[in-house]
Amino acid sequence: FAIQAGPGALACQRQYGEPVYWMGDEAQKQKFIAEVAWKGGRALVGGRFIHVSGGCSKALAMNWLADCYRRGGENVITIAAGDSENDREMLEQADIAVVIPSPVHPTLELRRSAGTRVAQCPGPEGWATEIELVVASVLSDYDQILLTGE
């Protein structure tokens, strides 16, 4: 497998990602990932797809959006939830990281421990439960600051 010049190389310059459902074997997948990197792209293996992109990532999008609000004078707390390798950078950079167990691969382990939660349930149930708890906690802390000034 080789990424062709022209459209393939241009795909590596996009400001968004393309999901690839991999049907080859592991050796072919590793060769594909290396080829994407050689062409200047990024290939992040997720739970079901390989996400191929140029200079974009979930972390960049999260930080860009947070910075937009900060420039407007808003206080921003970033909360990220994810279950696979393509979520790692975003989870490492968020103020609060929620790791969701995956039913198809081992639970992601982050380098950080502060500000990190691991959901008790996999998939949408774990995501919904943990995000609800995190948002309630953040709002409670915010209410406390408003009441006490601390």
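The shown structure was predicted, so the numbers you read here are calculated from the model rather than taken from an experiment.

Thresholds applied
Residues numbered from 1 in each chain as written. Predicted model: local features only at pLDDT ≥ 70, side-chain atom pairs only at ≥ 80, totals over all residues. Heavy atoms only, no water. Helix = DSSP H or I, 4+ residues; strand = E, 2+ residues; numbered from the N terminus. Buried < 20%, exposed > 50% of the residue type's maximum accessible area, 1.4 Å probe, protein only. Contact = heavy atoms within 4.5 Å. Areas by Shrake-Rupley, 256 points an atom, 1.4 Å probe, with all protein chains shown as cover. Pairing = 2+ DSSP bridges. Axes fitted to C-alpha atoms, helices over the stretch in contact; angles between N-to-C directions. Salt bridge = Lys/Arg side-chain N within 4 Å of Asp/Glu carboxyl O. Core = buried A, V, L, I, M, F, W, Y, C linked by side-chain atoms within 4.5 Å.

A. The overall build of the chain, seen in detail. In terms of regular secondary structure, the chain is built from 5 helices and 6 strands. Overall, the chain shows an N-to-C arrangement of helices and strands of α-β-α-β-β-α-β-α-β-β-α. The 150 residues of the chain split such that 32% are buried. A separation threshold of at least 6 residues defines the contact pool for the chain, and within that pool the share at least 24 residues apart is 40%. Here the chain displays about 9700 Å² of accessible surface, and carbon together with sulfur accounts for 57% of that area.

B. Molecular detail of the sheet that holds strand β1 (residues 17-20). Across the sheet, which stays open at both edges, the 3 strands sit in the order β1-β3-β2 with antiparallel pairing between neighbours. The open sheet has two edge strands with one neighbour each: β1 and β2 (42-45). Neighbour to neighbour, the strand axes of the sheet diverge by 25° on average, direction disregarded. Note: β1 against strand β3 (residues 50-53), 4 bridges, orientation antiparallel.

C. Region of the structure containing the pattern of salt bridges. With the rule as written, the count across this model stands at 7 salt bridges. With a shortest N-O distance of 2.6 Å, D87 and K58 are connected by a salt bridge. Of the two residues, D87 is situated in the loop between β4 (79-82) and α4 (88-93) and K58 in helix α3 (residues 58-71); the sequence distance between them amounts to 29 residues. On the basis of relative accessible area, K58 is assigned to the partly exposed category, the value being 41%. Taking the shortest distance from any N to any O, the salt bridge between R88 and E92 comes out at 3.9 Å.

D. Local environment of the nonpolar core. Ranked by size, the top nonpolar core spans 10 residues in total: A59, M62, A80, M90, L91, A94, A97, V99, L108 and L110. Broken down by secondary-structure element, the contributors of at least two residues to this core are α3, α4 and β5 (96-99). Residues within four places of A80 in sequence aside, it is in contact with M62, M90, L91, A94, I96, A97 and V98. Counting 7 residues, the second largest nonpolar core, distinct from the first, contains I96, I100, A119 and I131.

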